[in-house]
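The chain contents come next:
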Amino acid sequence: MKDQFQRKIDYLRISVTDRCNLRCKYCMPVEGVQWMPHESILSFEEILRLMRISTQLGFRRFRITGGEPLVRKGILEFLRESAKIPGVEDLMITTNGLLLPEMAFDLKAAGVQRVNISLDTLDPERFLDITRGGDVATVVQGVFRSLEAGLNPVKINVVVVRGFNTDELPNFLTLAKQYPLHVRFIELMPIGISSEHRADFVPIQEMKEILGLEEYVPTHDILGGGPAEYIQPKGFKGSIGFISAMSRHFCDTCNRVRLTADGKLRPCLHSKHEVSLRDVLRNGTADEDIMELFAQAVWHKPAEHHMNDEALQGRRVMSQIGG
């Protein structure tokens, strides 16, 4: 499947729930959020149907996300059925890691090949504060349990925030040196609550300078279909990756679309434009017609996101407020 700009689109991110077992400060306000009604969420059967339709359009990579995907009841059986679909070549999970100590081996047995774990700090007090109650030791245990289970690669996603975790970057570097872990440093994106923290943005080039890695040549040996630029210094068992969604966006090579928990297909992960598939799934519409709707949404995937424009506008507003 190609879009109007001739990009090959073969990667579908699927949110199976909007719920989470953490209440991270950069993700939700202190009063929490209003969860979607149960009847609004796609059933696993509906998601599997869309996965089968998408494989006929050439989709091969599927990342299961949330919220926190592992909190949804029946997730392991859903993953087992997903892995059986002809054309599914890469089945992945993105998780906060809290449930991995007990579920990593079951995920591997279900057919999940690899896992991304969101972990922005290794400091217990910082983690407790930023997640409003989370235990970082449990997440770290989940990281190593994933390695033991044979999930490969195990990637750690670190959103870098000025004044919060920039001093911890060398600690994450040590993790990648001592263990076969792939640590990816990610620029803060102005989405949701994070849009209130534009001044905390740290560009990739500055991260590389902090780590002393600005002179290294990227490697292409790390499995993945995403935008990360990886380097693997001599003697490292793992690697270091950088995802620059803001300072040097990768829209011209973007290969993915997103399916929300309530059945909306978003051709751009960072755009409000979406096509609702839930109703057509539930009103007797034939697979062929749903496939055409799906294909049209992919075809109209925008050339690029506009987060940089929004960030610039935000800076202008703050400048005007400041006089």
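Reference entry: report on the structure contained in this document. (Residues numbered from 1 in each chain as written. Predicted model: local features only at pLDDT ≥ 70, side-chain atom pairs only at ≥ 80, totals over all residues. Heavy atoms only, no water.)

Observations regarding the overall build of the protein
For step 1, the next point in the chain: Along the protein, the regular secondary structure elements total 10 helices and 11 strands.
For step 2, the next point in the chain: Computed over the C-alpha atoms, the radius of gyration of the protein is 20 Å, within 12% of the 20 Å expected from 2.2 N^0.38 for a compact globule of 323 residues.
For step 3, the next point in the chain: With the C-alpha coordinates of the protein rotated into their principal frame, the extents come out at 55 × 55 × 40 Å. (Helix = DSSP H or I, 4+ residues; strand = E, 2+ residues; numbered from the N terminus. Rg over C-alpha atoms; globule rule 2.2 N^0.38 Å.)

A look at helix 7 (residues 204-211)
For step 1, the next point in the chain: Taken as a whole, helix 7 has its buried residues at Ile204, Met207, Lys208 and Leu211. Across the axial projection of helix 7, the buried residues extend over an arc of 100°, all falling on one side.
For step 2, the next point in the chain: Contacts made by the buried residues of helix 7 are with strand 5 (154-160), helix 6 (169-178), strand 6 (181-187), strand 7 (229-231) and strand 8 (239-243).
For step 3, the next point in the chain: Phi turns positive one or two residues past the end of helix 7, at glycine 212, with a value near 70°. (Buried < 20%, exposed > 50% of the residue type's maximum accessible area, 1.4 Å probe, protein only. Arc of directions from axis to C-beta. Contact = heavy atoms within 4.5 Å.)

A closer look at helix 5 (residues 136-149)
For step 1, the next point in the chain: Taking 1.5 Å per residue, 14 residues should reach 20 Å; helix 5 reaches 20 Å between its end C-alpha atoms and fits that length.
For step 2, the next point in the chain: The secondary structure elements touched by the buried residues of helix 5 are helix 3 (100-110), strand 4 (114-118), helix 4 (124-130), strand 5 and strand 6.
For step 3, the next point in the chain: The backbone nitrogen of alanine 137 lies 3.2 Å from a side-chain oxygen of the residue at the head of helix 5, namely aspartate 135.
For step 4, the next point in the chain: Of the residues trailing helix 5, glycine 150 is marked for its positive phi of about 90°. (Expected span 1.5 Å × (residues − 1). Polar contact = N/O pair within 3.5 Å; in protein donor to acceptor, adjacent residues only side chain to side chain.)

A word on the environment of arginine 80
For step 1, the next point in the chain: Among the structural elements, arginine 80 can be located in helix 2 (residues 75-84).
For step 2, the next point in the chain: Linking arginine 80 and glycine 111, residues 31 residues apart in sequence, is a C-alpha distance of 6.0 Å.

What about the pattern of salt bridges?
For step 1, the next point in the chain: The tally for this structure, following the rule as stated, stands at 17 salt bridges.
For step 2, the next point in the chain: Of the charged contacts in the structure, one is a salt bridge between aspartate 129 and lysine 25, with a shortest N-O distance of 2.9 Å. With aspartate 129 in helix 4 and lysine 25 in the loop between strand 1 (11-15) and helix 1 (44-56), this pair connects stretches of sequence that are 104 residues apart.
For step 3, the next point in the chain: According to the relative accessible area criterion, aspartate 129 is partly exposed, its value standing at 42%.
For step 4, the next point in the chain: The class for lysine 25 is partly exposed, based on a relative accessible area of 32%.
For step 5, the next point in the chain: With a shortest N-O distance of 2.9 Å, arginine 126 and aspartate 167 are connected by a salt bridge. In this pair, arginine 126 sits in helix 4 while aspartate 167 sits in the loop between strand 5 and helix 6, placing the two residues 41 residues apart along the sequence.
For step 6, the next point in the chain: Given a relative accessible area of 25%, arginine 126 falls into the partly exposed group. (Salt bridge = Lys/Arg side-chain N within 4 Å of Asp/Glu carboxyl O.)

Let's talk about the sheet that holds strand 4
For step 1, the next point in the chain: Taken in spatial order, the 11 strands make up an open sheet running 7-8-6-5-4-3-2-1-9-10-11, and their pairing is mixed. Each having just a single partner strand, strand 7 and strand 11 (275-276) make up the two edges of the open sheet.
For step 2, the next point in the chain: Note that strand 5 and strand 6 share seven bridges and pair parallel. By the bridge assignment, isoleucine 156 is partnered in strand 6 with valine 183.
For step 3, the next point in the chain: Packing against the sheet, helix 6 makes contact with strand 5, strand 6 and strand 8, and its axis sits at approximately 150° to strand 6.
For step 4, the next point in the chain: With respect to the sheet, helix 7 is in contact with strand 5, strand 6, strand 7 and strand 8, its orientation differing from that of strand 6 by roughly 135°. (Pairing = 2+ DSSP bridges. Axes fitted to C-alpha atoms, helices over the stretch in contact; angles between N-to-C directions.)

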